[in-house]
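Examining the three-dimensional arrangement
Now for the letters of each chain:
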Number of protein chains: 2
Amino acid sequence: MANNWEEIDTYAKVWIKEAGERIRASFPKTLNVHAKSNPNDLVTEIDQQTEQFFIEKIRGNYPDHRILGEEGFGDNIDQDSGVIWIIDPIDGTMNFVHQQRNFAISIGIYENGKGKIGLIYDVVHDELYHVRTGNGVYLNDRKLPALNKAAVPEAILALNATWVVENKRINHELLIPLVQKVRGTRSYGSAALEMVYVATGRIDAYISLRLAPWDYAAGILMVEELGGQATTLRGDKLDIINGSSVFVSKPGLHQEIMRNYLKDGKW
Amino acid sequence: MANNWEEIDTYAKVWIKEAGERIRASFPKTLNVHAKSNPNDLVTEIDQQTEQFFIEKIRGNYPDHRILGEEGFGDNIDQDSGVIWIIDPIDGTMNFVHQQRNFAISIGIYENGKGKIGLIYDVVHDELYHVRTGNGVYLNDRKLPALNKAAVPEAILALNATWVVENKRINHELLIPLVQKVRGTRSYGSAALEMVYVATGRIDAYISLRLAPWDYAAGILMVEELGGQATTLRGDKLDIINGSSVFVSKPGLHQEIMRNYLKDGKW
């Protein structure tokens, strides 16, 4: 039987809003977690409860769908067949704990490896970014326009300072000329929100190393739907089962940065 | 005649809210400025109109007060005697133009060099951060708690990637070990909001080079009122007439970063 994507989309939006409401209600408790937390383990109960909330809802309504979630309560998945919900219950956990803002719930839903639905919910600002691929990207009820081309000297790039200091794993030197040439850099600490920032044109490009599928499964669908591009830093297609580096950008700018700054890197 | 600081505080809050309302109303127009703007000149009409709005209000009510503003419509000031309003009509102009969010109006009011009132208004989120020195710091009607001590390995540092890549003017190498040691880095592109982030405990420290007095005149009063520290990167008192580097931090952390990372720099 074919999947009813309109129905799945409706349920997913209801559930993500309900999960957001629960997270907002948890803030007084979160402040306690913060005071007690081990600096190396910021995963909170709220993360885990939120993932379990989605799993119950999905299993109850769509028993044949599979789930790939950050907290690990979903399925063990090594291939992309069937319908897979890729969930980050709290993207930007460090922001969640320290700031009680600048985090999001991210859900990407794929069928046989093809993106069907992307939802990113900025819980504190009650801003739901959503796409059903082929039908446009929305911020709440407002349709977002297609992305314009951009060039490096006018671009705002989201890139954490961590990636331009010496680091055993990456060619940080290749990123330095890019930081020197762009108009400005920013770093918000949530991959999902940083991809939403590209989709809305608030920034022009986003670079991060070592992300997991739940960090980008929803966001790349929004950027691509609006004419932007999302690849690894080598320019390869992003893998939704295994993580990788991520380079998300407006049209034109993606080719320019890839060709002039990234192509020789061992990412 | 002594200044009536309660009255000045009341007027300043009314004016900053009214200016914010005008800025919100300007958004459709701003989008046009964005499309046409020269990349090297992002100063918009809105910046200038907002500064002139404050100047008219201040001159009409307090003719003996002086004004130091980013857009240059105020007074030429080379000493800190009397009452001075230090105004940034839009702190984070690049964000204002590209994002229509993540900018603020910043007003610091000083008497003979001593901070009396600080106001930072996050226009889009309708969040007014305010302090009358000696009377606590508020986010809208909510009083903010004093800042706790923090240590480098648990700290979130706001620092733009620009400052850790090679740069003729600063010792960027001294900042690299700090970036490697902190728990995380962020960059929001508005000095006023980044100081508010320190005051609210959302981040633990903020470092920037080459700021102007209107970028920090209000924010440093909030951080100091809550027990944090605000100095140049050399540890000197900040000058409210001439700009400098800025290092704003929670208690304890300021001494640790100054001693272990910054003290040998030529900033």
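No experiment lies behind these values; they were computed from the predicted model shown. (Residues numbered from 1 in each chain as written. Chains lettered and ligands numbered in written order. Predicted model: local features only at pLDDT ≥ 70, side-chain atom pairs only at ≥ 80, totals over all residues. Heavy atoms only, no water.)

What to know about the relation of the copies chain B and chain A
Threshold: In superposing the copies, a least-squares fit is computed on C-alpha atoms, taking residues whose pLDDT is at least 70 in both.
Between chain B and chain A, which share one sequence, the superposing operator has a rotation angle of 180 degrees and an axial displacement of 0.0 Å; the RMSD is 0.0 Å. Between the two chains, the operation in question is that of a two-fold axis.

Brief notes about the confidence of the model for chain A
Counted only if it meets this: Per residue, pLDDT captures the predictor's confidence, and it can take any value from 0 to 100.
Summing up the model confidence of chain A, the mean pLDDT is 93 and the portion of residues at 70 or higher is 94%. For this predicted complex, the interface confidence comes out at an ipTM of 0.92, alongside a pTM of 0.94.

Quick word on the interface of chain B and chain A
How we decide: Whether two residues are in contact is decided by their heavy atoms: any pair within 4.5 Å suffices. Buried surface area refers to the total accessible area, computed with a probe of radius 1.4 Å, that the two partners give up upon joining, counted for both partners together. Basic side-chain nitrogens of Lys or Arg form a salt bridge, by our definition, when they fall within 4 Å of a carboxyl oxygen of Asp or Glu. In protein, a polar contact means a hydrogen-donor-capable atom and an acceptor-capable atom, both N or O and within 3.5 Å, with residues adjacent in sequence counting only if both atoms are side-chain atoms; elsewhere, any N or O pair within 3.5 Å suffices.
Tallying the contact residues gives 35 residues for chain B and 35 residues for chain A. Buried surface at the junction of chain B and chain A, both sides included, amounts to about 3,100 Å², of which 49% is carbon and sulfur. For the interface between chain B and chain A, the tally reads two salt bridges. Taking the shortest distance from any N to any O, the salt bridge between E127 of chain A and R101 of chain B comes out at 3.0 Å. Where chain B meets chain A, there are 18 residue pairs in polar contact (both at pLDDT 80 or more).

Concerning the domain arrangement of chain A
Accessible area lost on assembly of the parts is the figure often given for the size of an interface. Residues and elements named next belong to chain A. Just so we agree on the cut-off: Residue ranges assigned to the domains are those given by an automatic or database domain assignment.
For chain A, the domain assignment lists domain 1 (5-143) and domain 2 (152-262). When domain 1 packs against domain 2, the two sides together hide about 2,200 Å² of surface, and 70% of this comes from carbon and sulfur. A per-residue breakdown of the area domain 1 buries against domain 2 is headed by Y110, I120 and Y129, which together make up 24% of the total. On the surface where domain 1 and domain 2 come into contact, there are zero salt bridges. Remark: the boundary between domain 1 and domain 2 carries nine residue pairs in polar contact (both at pLDDT 80 or more).

Quick look at the sheet that holds strand β9 (residues 184-186) of chain A
All names here are of chain A. As a reminder of what qualifies: At least two DSSP bridges between two strands are required for those strands to pair. The way it works is that DSSP assigns letters per residue, a run of H or I at least four long becomes a helix, a run of E at least two long becomes a strand, and they are numbered from the N terminus. The axes used here are C-alpha line fits, helices contributing only the stretch in contact, and every angle between their N-to-C directions lies in the interval 0 to 180 degrees.
Pairing within the open sheet is mixed, and its five strands lie in the order β9-β8-β10-β12-β11. Single-partner strands in this sheet number two, and they are β9 and β11 (229-231). Strand-to-strand twist across the sheet, computed as the mean angle between neighbouring axes with direction ignored, equals 15 degrees. As paired elements, strand β8 (residues 156-158) and strand β10 (residues 205-211) share two bridges and run parallel to each other. Bridge pairing in β10 links A158 to Y206. Against the sheet, helix α9 (residues 253-262) touches β10, β11 and β12 (244-249), its axis set at about 130 degrees to β12.

Here's the deal with the packing of helix α1 (residues 5-25) of chain B against helix α3 (residues 45-61) of chain B
Residue and element names in this part refer to chain B. This is how it is decided: Note that the term roughly parallel is reserved for angles under 35 degrees, roughly antiparallel for angles over 145, roughly perpendicular for angles of 65 to 115, and oblique for everything else. Put simply, a crossing is left-handed when the front helix is turned counterclockwise from the back one by less than a right angle, and right-handed when it is turned clockwise. Classification convention: Asp, Glu, Lys, Arg as charged; Ala, Val, Leu, Ile, Met, Phe, Trp, Tyr, Cys, Pro as nonpolar; all other residues, Gly among them, as polar.
Interhelical geometry of α1 versus α3 gives an angle of 155 degrees and a closest axis separation of 11 Å. Classified by the angle between their axes, α1 and α3 sit roughly antiparallel to one another. In this structure, α1 meets α3 at a crossing whose hand is right-handed. Listed contacts from α3 to Y11, W15, I16, E18, A19, R22 and I23 of α1 are I46, T50, F53, F54, K57, I58 and N61. Of the residues that constitute the contact of α1 with α3, the class distribution is nine nonpolar, two polar and three charged.

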